[in-house]
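Structure at a glance
Next come the chains, spelled out residue by residue.
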Amino acid sequence: MYDFVVVGVGPPGARFARRAAEDGYDVLALEKGRVGEPLACSGHVSTDIWEFTGPGAREALFQNEIYGARFHVGGPRSDAYPFYKQEVASNVIDRVGLDRHLADLAREAGADVREGYTVTEVTERWDRVEIVANGPDGVVEFEARMVAGCDGPRSRVRDELGLPQPDEFLHGVLAFSEEDDHQDFVDVHLTPPTFFAWRIPRGEAGVEYGLAAPPGVHVSKHFEDLIDGYEVDVSHRCSGAIPIGPPDRVTSRRAFLIGDAAAQTKPFTGGGILYGMTSADHAAREIDPDRPTTLAAYERAWREDLEREQQLGHLIRRAYSLPEPIQRIGLGALSGEIGVHMDRPTSLLSFDHLKTVLPGR
Ligand SMILES: Cc1cc2nc3c(=O)[nH]c(=O)nc-3n(C[C@H](O)[C@H](O)[C@H](O)COP(=O)(O)OP(=O)(O)OC[C@H]3O[C@@H](n4cnc5c(N)ncnc54)[C@H](O)[C@@H]3O)c2cc1C
């Protein structure tokens, strides 16, 4: 009997496995494929990422540093409205490498991390959870006091336990060109309906072009328009779902969701690496596998930390759907230096930001 079985070894799963193992719990983490694969993420993160990594991570994973974003209401040739900070705002990193690094940290802490195990069934009993997985040698069953569903946007654990779905799923696509680009700005295009397209310079790792939009939008066509506009050749196309809007409940009797399974993402960018790992820390701090009542403390803790950020994030996202002339006026009026933390929209009201934007600073 394990204390925790963790399903899915993306950043939140690996982070929770590591923290729980450090606390002395017996942890088994099951990953259906190879950790980090297939890639479906830009790996564009705030510099807070390095608070979650171990020695040597920055040297191994860092690709480029970013000071700001140029917003466009139209395509590549349209006017740019720059928003920037005086210091580095974010980093572009090797996302496959990040997942492997975090999984190694979990292993070093004592978690049993296994690849090639697809969890197919999860059944809660009053005193334990039964987990069935397809492993390299066939079907295997495990038992744990609790199960952590860290299995991404289309979470099997969530479905098996009948937990509610996120409000919405966007469809994200990305691809890479071979240009060497060390610029320190990303480009954001508000052209796809209700979300955006992007260009991210990744230093020597090339340039990434991507786009996300809700179901019903012709994502491939908008993506072709973006690529044509930039006049580049891209390869290594990949895609993934982005959950937006957490369900009312991400815990059940002996199970809890972390990361995309719980839609712990930023509604205005779809980014979820930092929110997922932050929530993993809340889970590790609050949950005692012998006391199912502690699950309520996890629900409270992550929501208290991130709910206001997500609410404000929803408001920011609404601006993506405003009529173009209003977007232009708004971007024109607000562009320039900012003091906002990219993961914390509430920092729009912070002293640092107001000091930066108010006249006479
Ligand atoms: C196009 C795109 C670009 C993005 N760009 C960014 C970005 O720049 N910055 C950012 O912060 N976020 C970004 N995101 C979001 C980010 O990728 C997710 O928030 C993050 O990966 C969430 O981690 P997760 O572990 O919850 O989910 P996932 O990364 O999806 O990991 C879930 C893991 O569970 C495994 N799994 C699934 N089902 C099972 C099963 N039944 N049994 C065992 N294992 C299972 C999967 O193989 C996977 O390894 C992007 C997303 C997309 C789609």
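These numbers come from a predicted model, not from an experiment.

Description of the site of the ligand
What surrounds the ligand is a group of 33 residues, the closest being Glu31, His44, Arg95, Val119 and Asp260. With respect to the ligand, the side chain of Asp260 contributes an N or O atom lying 2.7 Å from an oxygen atom. Burial of the ligand by the protein chains amounts to 88% of its free accessible area of 980 Å². Every element with two or more residues in the shell around the ligand is listed here: helix 1 (11-22), strand 2 (27-31), strand 9 (118-124), strand 12 (168-177) and strand 16 (235-244).

Notes on the UniProt feature "domain: FAD-binding" (unreviewed entry) in the chain
Under the present numbering, the feature "domain: FAD-binding" (unreviewed entry) in UniProt falls on residues 3-166. Segment residues 3-166 splits into 23% helix and 37% strand. End C-alpha atoms: 27 Å apart.

A few points about the sheet that holds strand 4 (residues 62-66)
With respect to topology, three strands assemble into an open sheet ordered 3-7-4, the strand pairing being antiparallel. Edge positions in the open sheet fall to strand 3 (44-46) and strand 4, since each of these has one partner strand only. Put simply, the sheet's adjacent strands are angled 30° from each other on average, direction ignored. Looking at chain direction, strand 4 and strand 7 (residues 90-93) are connected through four bridges and run antiparallel. Within the sheet, the bridge partner assigned to Phe62 lies in strand 7 and is Ile93.

So, the pattern of salt bridges
A full pass over the atoms with the stated rule returns 30 salt bridges. Taking the shortest distance from any N to any O, the salt bridge between Glu37 and Arg34 comes out at 3.5 Å. Notably, a salt bridge pairs Arg328 with Glu324, separated by 3.5 Å at the nearest N-O pair. Residue Arg328 and its partner Glu324 are both found in helix 8 (residues 324-334); the two are separated by four residues, about one turn of the helix. The exposure class of Arg328 is partly exposed, given its relative accessible area of 36%. A network of salt bridges, in which partner residues are shared, links Arg125, Asp127, Arg128, Glu130 and Glu143.

Comments concerning the side chain of Thr53
Take Thr53: it is sitting in the loop between strand 3 and helix 2 (57-61). Taking relative accessible area as the criterion, Thr53 reaches 14% and is therefore assigned buried. From its side chain, Thr53 meets the backbone oxygen of Trp50 in a polar contact 3.2 Å long. Those residues in contact with Thr53 that lie beyond four places of it in its chain are Leu98, His101 and Leu105.

Section: the packing of helix 1 against helix 3 (residues 95-109)
At a minimum axis separation of 8 Å, helix 1 and helix 3 run at an interaxial angle of 15°. In terms of orientation, helix 1 lies roughly parallel with respect to helix 3. As helix 1 packs across helix 3, the resulting crossing turns out to be left-handed. Contacts between helix 1 and helix 3 involve Pro11, Ala14, Ala17, Arg18, Ala21 and Glu22 from the former and Arg95, Leu98, Asp99, Leu102, Ala103, Leu105, Ala106 and Ala109 from the latter. Along the lines of polarity and charge, the residues of the contact of helix 1 with helix 3 split into ten nonpolar, no polar and four charged.

Details of the pairing of strand 5 (residues 68-72)
The element strand 5 is largely enclosed, with a buried count of four among its five residues. Looking at chain direction, strand 5 and strand 6 (residues 81-84) are connected through four bridges and run antiparallel. When the bridges of strand 6 are listed, Phe71 appears paired with Tyr81. As paired strands, strand 5 and strand 13 (residues 185-189) are joined by five bridges and run parallel to one another.

A closer look at helix 6 (residues 273-286)
The terminal C-alpha atoms of helix 6, which comprises 14 residues, lie 20 Å apart, in line with the 20 Å expected from a rise of 1.5 Å per residue. By the criterion of burial, helix 6 is predominantly enclosed, with twelve of the 14 residues buried.

Cut-offs used in this document
Residues numbered from 1 in each chain as written. Predicted model: local features only at pLDDT ≥ 70, side-chain atom pairs only at ≥ 80, totals over all residues. Heavy atoms only, no water. Near = heavy atom within 4 Å. Polar contact = N/O pair within 3.5 Å; in protein donor to acceptor, adjacent residues only side chain to side chain. Areas by Shrake-Rupley, 256 points an atom, 1.4 Å probe, with all protein chains shown as cover. Helix = DSSP H or I, 4+ residues; strand = E, 2+ residues; numbered from the N terminus. UniProt positions renumbered as here; feature names shortened; annotations may be inferred. Pairing = 2+ DSSP bridges. Axes fitted to C-alpha atoms, helices over the stretch in contact; angles between N-to-C directions. Salt bridge = Lys/Arg side-chain N within 4 Å of Asp/Glu carboxyl O. Buried < 20%, exposed > 50% of the residue type's maximum accessible area, 1.4 Å probe, protein only. Contact = heavy atoms within 4.5 Å. Parallel < 35°, antiparallel > 145°, perpendicular 65-115°, else oblique. Left-handed = near helix turned anticlockwise from the far one by under 90°. Nonpolar A, V, L, I, M, F, W, Y, C, P; charged D, E, K, R; others polar. Expected span 1.5 Å × (residues − 1).

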